[in-house]
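Close look at the chain arrangement
What follows is each chain in one-letter form.
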Amino acid sequence: MAPLHQSEASFEAVLFVSVAAFMTLVVMILLCVRRRGYEELQREQSSEEPQEQLNHLKREIKRLRKEKEDLQKNYDSLKREKERLVKEKEDLQKNYDSLKREKERLVKEKEDLQKNYDTLKKEKENAKADFEEFRRKTSKTMCDRLAETSDVRQKQEGKILTPGSTADFEEFRRKTSKTMCDRLAETSDVRQKQEGKILTPGSTAEWKTITDAHVNVTLDPSTANLSLTVSEDGSEVKFTGKRSAEWPSVLGGEGFTSGRHYWEVVVGEKENWVLGVSTHRDEKSIPEKPEEGYWLVRRAKKFSKSYTAVSQSGDQILKLEVCKVWGVYLDWKEGRLSFYNAETKVHIHTFEGSFPGQVYPIFSPGSKGSRSLIIH
């Protein structure tokens, strides 16, 4: 029995050892499987991270390349814009230089023309003075010759003159000679006027020549200074603003570039006003000392109510009695603007020269008083 128990005991021991060994083996196998799975997981994770990073880098590179292309395009565009601006600047500089040279040339031409005009004006004045002197001497000589001829003829006829008859004859001769001298002077005046083409209404025919050029001048409200009020029919203008030192103005609606034109202006008892023509379409007041483009007659109370002819050539005081109705006669082709007393038909003043372009009748009722200027 003892050997049987011993064999059972050893069998159980062997069985226990075998089970323990098997369990150990199973545990080891499980551990190995788990470790292998962990390693594979690690390998999978480690392989996925570089790929994701690579994809990210590729996307980043692609974005940077696109930004680079966009920047390059912007750079090229800015470069072209810079080149265009540089070229425009060069062109503008060339145009500026050209205009500057043209301005200098025109200024020089203007100075030369002004010098020539002044020279011709002086020569004309000298010639006029010489002619007047010649006319005076010629008239005197003719009168003397007439007197001598009368004496010779009387002697040849053999008339016996008594002291009484001699005195009568001398009186007759004096009157006859005076009449002949006056007629010579009048003939000389008429010829001078015809040659100068300045019409002074010494006769009905001459005044008719002037008034035949009559035009209806209508004031243009759009050209009026804000301190002026123009009547609805455009025939009157008056000052309605605050008193000031300037000469607010308004233009006629029609400008002239040719022909002869005459209009009349009733100033009445006004002590401040300006009449004439101007080339300045957009100006709404007359400068105190006008430069180019103004030909005016002005009356100002501050200048002792005197009348003044005003232009770029300077001011000239006009000596005349009060004139209530002024006639303005424009001969554009001949470059003359004349002023008349329309009531007495007396010539007052004439501007001579040339007009550079379109001229407009201009009027200013002044900036003191509310009386109107009335245009006929």
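Please refer to the structure higher up on the page.
Report on the accompanying structure.

The next thing to look at is the packing of aromatic side chains. Taken as a whole and assessed by the stated rule, the structure comprises nine aromatic pairs. Considering the side-chain rings of tryptophan 207 and tyrosine 262, the 5.9 Å spacing of their centres and the 80° angle between planes classify their relative orientation as edge-to-face. Of this pair, tryptophan 207 sits in helix 3 (residues 204-211) while tyrosine 262 sits in strand 5 (residues 260-266), placing them 55 residues apart in sequence. For tryptophan 207, a relative accessible area of 9% gives the class buried. Aromatic side chains tyrosine 307 and tryptophan 326 sit 5.5 Å apart centroid to centroid with 45° between the ring planes, which places their arrangement in the tilted category. Of the two residues, tyrosine 307 is situated in strand 9 (residues 306-311) and tryptophan 326 in strand 11 (residues 325-331); the sequence distance between them amounts to 19 residues.

Once that is clear, we can look at a nonpolar patch on the surface. Residues Phe11, Leu15, Val19, Phe22 and Met23 make up a contiguous nonpolar surface patch of roughly 530 Å² in combined accessible area. Secondary-structure assignment places phenylalanine 11 in helix 1 (residues 2-157). On the basis of relative accessible area, phenylalanine 11 is assigned to the exposed category, the value being 55%.

The subject of this paragraph is the pairing of strand 12 (residues 336-341). Across the six residues that make up strand 12, a large majority, six, are buried. Burial along strand 12 is two-sided: the residues Arg336, Ser338 and Tyr340 and Leu337, Phe339 and Asn341 are all buried. Counted along the chain from strand 11 to the antiparallel partner strand 12, the turn is four residues long, and its residue glycine 335 has a positive phi close to 70°. Taking the residues between adjacent antiparallel strands as the criterion, strand 12 and strand 13 (residues 346-352) are bridged by four residues, where lysine 345 takes a positive phi near 60°.

Definitions and limits used
- Residues numbered from 1 in each chain as written.
- Predicted model: local features only at pLDDT ≥ 70, side-chain atom pairs only at ≥ 80, totals over all residues.
- Heavy atoms only, no water.
- Phe/Tyr/Trp six-rings, centres within 6.5 Å; stacked < 30°, edge-to-face > 60°.
- Helix = DSSP H or I, 4+ residues; strand = E, 2+ residues; numbered from the N terminus.
- Buried < 20%, exposed > 50% of the residue type's maximum accessible area, 1.4 Å probe, protein only.
- Patch = residues over 30% accessible without salt bridge, like charges linked within 9 Å, V, L, I, M, F, W, Y side chains within 5 Å.
- Areas by Shrake-Rupley, 256 points an atom, 1.4 Å probe, with all protein chains shown as cover.
- Salt bridge = Lys/Arg side-chain N within 4 Å of Asp/Glu carboxyl O.
- Pairing = 2+ DSSP bridges.

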